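Next come the chains, spelled out residue by residue.
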Amino acid sequence: MAWRASLSKTVQELRIHLCQTSPSSKGVRDFVAHRYQELKNQNPQLPILIRECSGVQPRLFARFDYGKEKAVGLDGLDEAAVESKLEELVKTKPQ
């Protein structure tokens, strides 16, 4: 998973929106609980913002150079699928 170590070279900021209680955000909550620390250790300068709000649809936002952003929905995904979406988002950065 070499893409994780080079995340901060591609992405300027990650934002994760999730609900604390909804079943549709369970995979995102699991991802944050189990994989956040590893991502942060590999990319200590990268801001990773976790935004919790009741009833919000889970989404992942990546901000790239020149303020360009991309977002993907994470509704109902499990932990592995959330990581897959993150990898996909990072590898398809806007030009």
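Residues numbered from 1 in each chain as written. Predicted model: local features only at pLDDT ≥ 70, side-chain atom pairs only at ≥ 80, totals over all residues. Heavy atoms only, no water.

- Under an unreviewed UniProt entry, the name given to the protein chain is NADH dehydrogenase (Ubiquinone) 1 alpha subcomplex 2, and the source organism is Klebsormidium nitens.

### What to know about the pairing of strand E3 (residues 59–63)
Alright, step 1. As paired strands, strand E1 (residues 13–18) and E3 are joined by five bridges and run antiparallel to one another. Note that in E3 the partner of glutamate 13 across the bridge is arginine 63.
Alright, step 2. Both E3 and strand E4 (residues 69–73) contribute to a ladder of five bridges, which runs antiparallel. Bridging across to E4, arginine 63 finds its partner in glutamate 69.
Alright, step 3. Here E3 folds back onto E4 in antiparallel fashion, the turn holding five residues, of which tyrosine 66 has a positive phi close to 60°. (Pairing = 2+ DSSP bridges. Helix = DSSP H or I, 4+ residues; strand = E, 2+ residues; numbered from the N terminus.)

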